[in-house]
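Next come the chains, spelled out residue by residue.
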Amino acid sequence: MSKSLLTGRLVRLVAVEPDQRGELDAKWSRDSEYLQLLNFDVAVPRGTKQSQEWTRRRLEKPSPDHYPFMIQRLEDDQIIGETGLADTLNPHGDCWFYIGIGERAMWGRGYGSDATRVILRFAFQELNMHRVSLGVFEYNARAKHSYEKVGFVEEGRQRAVLHRNGRRWDGFVMGILRDEWEKHQHEE
Amino acid sequence: MNSELFEGKNIRFGAFDPERDAEAFSKWTHDTEYMRSIQFEPARPLSPFQIKKQLEEWQKEEHEKLFFFVIRTRTDDRAIGEARIYWVQWNHGTAMGQLGIGSPDDRDKGYDGEALDMLLQYVFEEMNLHHFAINTVENNTARQQLLECHGFQCEVRRRQAIFRDGRYWDGLIYGILVEEWSARRSGLHE
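Here the structure is a predicted model, which means the values were calculated and not measured. (Residues numbered from 1 in each chain as written. Chains lettered and ligands numbered in written order. Predicted model: local features only at pLDDT ≥ 70, side-chain atom pairs only at ≥ 80, totals over all residues. Heavy atoms only, no water.)

## Considering the overall build of chain B
Alright, step 1. On a plain count of helices and strands, chain B comes out with six helices and seven strands.
Alright, step 2. In sequence order, the secondary structure elements of chain B are arranged as β-α-α-α-β-β-β-α-β-α-β-β-α.
Alright, step 3. Computed over the C-alpha atoms, the radius of gyration of chain B is 16 Å, within 12% of the 16 Å expected from 2.2 N^0.38 for a compact globule of 190 residues.
Alright, step 4. Principal-axis analysis of the C-alpha atoms gives chain B an extent of 45 × 40 × 35 Å.
Alright, step 5. Every one of the 190 residues in chain B was classed for burial, and the buried ones make up 51%.
Alright, step 6. The contacts of chain B with a sequence gap of at least 6 include a subset with a gap of at least 24, amounting to 61%.
Alright, step 7. Total accessible area on chain B is roughly 9700 Å²; 49% of this is exposed by carbon and sulfur atoms.
Alright, step 8. Treating the 24 positive side-chain charges of chain B as one cloud and the 33 negative ones as another, the clouds have centres 4 Å apart. (Helix = DSSP H or I, 4+ residues; strand = E, 2+ residues; numbered from the N terminus. Rg over C-alpha atoms; globule rule 2.2 N^0.38 Å. Buried < 20%, exposed > 50% of the residue type's maximum accessible area, 1.4 Å probe, protein only. Contact = heavy atoms within 4.5 Å. Areas by Shrake-Rupley, 256 points an atom, 1.4 Å probe, with all protein chains shown as cover. Lys, Arg positive; Asp, Glu negative; His and termini not counted. Charge placed at Lys NZ, Arg CZ, Asp CG, Glu CD.)

Here it is as structure tokens:
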């Protein structure tokens, strides 16, 4: 019980502060490629105030089945992205994981994988989940590789569920079970 | 051109009418097997009052992301089930759906197959979607057969995603593409 549940080797997960998140989201959402990697929504840049208010509304009425975090770099406390678990409240012990590293300069440096390891520990050791699920897009090979590295297994492929940049793409669903995660801990 | 989207051979799709339908919907929520076949959330009985509230919420919150139909018999206009389309991603032309025949006496009469045909026609010819998906669970073999008979493929097997009756079951996501649906349909009509 000695080490902090939410601290990894490179990053820690911290609470979401609306003013700060709004500023960062306004900056990150100018990058359409980032938005297209994140989710199905139409990519649109968001203003600082708009994003702050949106974040405030979400935090004022916290949803009991959503655990959002900001990702903070250990070496200089910089906030580089955000992550969370959604749909945690169900009788099946399943939830949906998401992550985004908004700071482009931080891509490919292991921060995302480290944050994923931290949030899996939170899911299995604090929320006592049985499994964690995620969705990732065909054109996001970097993320898919990172998820495989931390132990997620591909569970299927929804054909042509995305329409972006002039063509259709598949969407993958991945999952990791509690016992797979435990085994992965010993291997690392 | 068959533009009769809401009228099938034996059933029709109609709007939810609180005064007429809340009683029937409430009755179905007391049937846990039925509720388990249309949702992953815990089955819980809801009163007609709660049903009305829930439908009101759905109607105002997600009017462009949720399409909700009451399945009625054409002979006596009785509510026998529900069909819905949710999580509509207009920019990608994709959505999820669900359907069920609520009253036990109306099951095994082929109404679910007819409703699924109508749902498919609606998503592909009215909403102009490209891909349509329906969730089910490993132990619901009747539902898997129904989906496979209508041209769906099992695209995702989420291992041990549903815990029921003391054990884990895989969660299945079935999907069908518009070209698969139209090819099948022209094949059936030949």
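## Describing the side chain of Arg-73 of chain A
All names here are of chain A.
Alright, step 1. For Arg-73, the position within the fold is in strand β2 (residues 66-73).
Alright, step 2. A polar side-chain atom of Arg-73 sits 2.6 Å from a polar atom in the side chain of Asp-76.
Alright, step 3. A polar contact is formed between the side chain of Arg-73 and the side chain of Tyr-111, at a distance of 2.9 Å.
Alright, step 4. Sequence-distant contacts of Arg-73, that is, excluding residues within four places in its chain, are made with Leu-10, Val-11, Gln-78, Ile-80, Met-106, Arg-109 and Tyr-111. (Polar contact = N/O pair within 3.5 Å; in protein donor to acceptor, adjacent residues only side chain to side chain.)

## With respect to the packing of aromatic side chains
Alright, step 1. Per the stated rule, a full pass over the model turns up 24 aromatic pairs over all chains.
Alright, step 2. When the ring of Phe-97 of chain A is compared with that of Phe-152 of chain A, the centres are 6.0 Å apart and the planes differ by 20°; the resulting orientation is stacked. Here Phe-97 of chain A is found in strand β4 (residues 94-100), whereas its partner Phe-152 of chain A is found in the loop between α5 (141-149) and β6 (153-164), with 55 residues between them in sequence. As far as the burial class goes, Phe-97 of chain A and Phe-152 of chain A line up, both buried.
Alright, step 3. Judged by centre distance (6.3 Å) and plane angle (70°), the ring pair of Phe-67 of chain B and Trp-90 of chain B falls under edge-to-face. Placement of the pair is Phe-67 of chain B in strand β2 (residues 67-73) and Trp-90 of chain B in the loop between β3 (79-89) and β4 (94-101), with a sequence separation of 23 residues.
Alright, step 4. Using a relative accessible area of 44% as the deciding quantity, one classes Trp-90 of chain B as partly exposed.
Alright, step 5. Taken together, the ring pairs in this structure connect Phe-6, Phe-13, Phe-67, Phe-69, Trp-90 and Tyr-122 of chain B into an aromatic cluster.
Alright, step 6. Across the ring face of Trp-169 of chain B, the terminal group of Arg-167 of chain B is positioned such that the distance to the ring centre comes to 3.6 Å. (Phe/Tyr/Trp six-rings, centres within 6.5 Å; stacked < 30°, edge-to-face > 60°. Lys NZ or Arg CZ within 6 Å of the ring centre and 35° of its normal.)

## Concerning the interface of chain B and chain A
Alright, step 1. Contacts between the two partners involve 28 residues from chain B and, on the opposite side, 27 residues from chain A.
Alright, step 2. Counting the surface lost from both chain B and chain A, the interface buries some 2300 Å², and carbon and sulfur atoms represent 48% of this.
Alright, step 3. If you look at where chain B meets chain A, you find five salt bridges.
Alright, step 4. Linking Arg-159 of chain B and Glu-155 of chain A is a salt bridge whose minimum nitrogen-to-oxygen distance equals 2.7 Å.
Alright, step 5. For the side of chain B that touches chain A, the secondary structure elements donating two or more residues are β3, β5 (131-137), β6 (153-164) and β7 (167-177) of chain B.
Alright, step 6. Ranked by residue count, the leading element in the side of chain B that touches chain A is β6 of chain B, at eleven residues.
Alright, step 7. Partitioned by chemical class, the residues of the side of chain B that touches chain A number twelve nonpolar, ten polar and six charged. (Buried area = accessible area lost by both parts, 1.4 Å probe. Salt bridge = Lys/Arg side-chain N within 4 Å of Asp/Glu carboxyl O. Nonpolar A, V, L, I, M, F, W, Y, C, P; charged D, E, K, R; others polar.)

## Brief notes about the nonpolar core
Alright, step 1. In terms of nonpolar packing, the biggest core is built from 41 residues, with Ile-71, Leu-85, Phe-97, Leu-120, Val-132, Tyr-147 and Phe-152 of chain A touching the most fellow members.
Alright, step 2. A total of eight residues in this core trace back to one element, the largest contributor, which is helix α4 (residues 111-126) of chain A.
Alright, step 3. The next biggest cluster of nonpolar side chains, apart from the first, holds 33 residues, and it includes Phe-13, Phe-69, Leu-129 and Leu-172 of chain B. (Core = buried A, V, L, I, M, F, W, Y, C linked by side-chain atoms within 4.5 Å.)

## Focus on the environment of Leu-38 of chain A
Residue and element names in this part refer to chain A.
Alright, step 1. Secondary-structure assignment places Leu-38 in helix α2 (residues 32-38).
Alright, step 2. Since its relative accessible area comes to 33%, Leu-38 is described here as partly exposed.
Alright, step 3. Considered as a pair, Leu-38 and Gly-135 are 97 residues apart in the sequence and their alpha carbons are 9.8 Å apart.
Alright, step 4. Leaving out residues up to four positions away in the same chain, Leu-38 has contacts with Ile-99, Gly-100 and Phe-137.

## Some words on the layout of surface pockets
Residue and element names in this part refer to chain B.
Alright, step 1. In this model, the second largest pocket occupies a volume close to 590 Å³.
Alright, step 2. Residue lining of the second largest pocket: 23 residues in total, with Glu-33, Ser-37, Asn-140, Ala-142 and Arg-143 positioned closest to the centre.
Alright, step 3. Looking at the lining of the second largest pocket residue by residue, the class counts come to seven nonpolar, six polar and ten charged. (1 Å grid on protein atoms, 1.4 Å probe; cavity = no way out; pocket = protein on both sides within 12 Å on 5 of 7 lines; lining within 4 Å. Points joined across faces, edges and corners; volume = space filled by probe spheres on them.)

## Regarding the pattern of salt bridges
Alright, step 1. All told, the structure shown has 39 salt bridges over all chains when counted by the stated rule.
Alright, step 2. As a salt-bridge pair, Arg-12 of chain B and Asp-77 of chain B come within 2.8 Å of each other at their nearest N and O atoms. Here Arg-12 of chain B is found in strand β1 (residues 11-14), whereas its partner Asp-77 of chain B is found in the loop between β2 and β3, with 65 residues between them in sequence.
Alright, step 3. Under the relative-accessibility criterion, Asp-77 of chain B is labelled partly exposed at 25%.
Alright, step 4. Salt bridges linked by common partners bring Asp-94, Arg-131, Glu-155 and Glu-180 of chain A together with Arg-158 and Arg-159 of chain B together as one network.

## What to know about the confidence of the model for chain B
Alright, step 1. Looking at chain B as a whole, the pLDDT averages 93, with 96% of positions reaching at least 70.
Alright, step 2. Across the interfaces of the predicted complex, the ipTM metric reaches 0.94, alongside a pTM of 0.95. (pLDDT = per-residue confidence, 0-100.)

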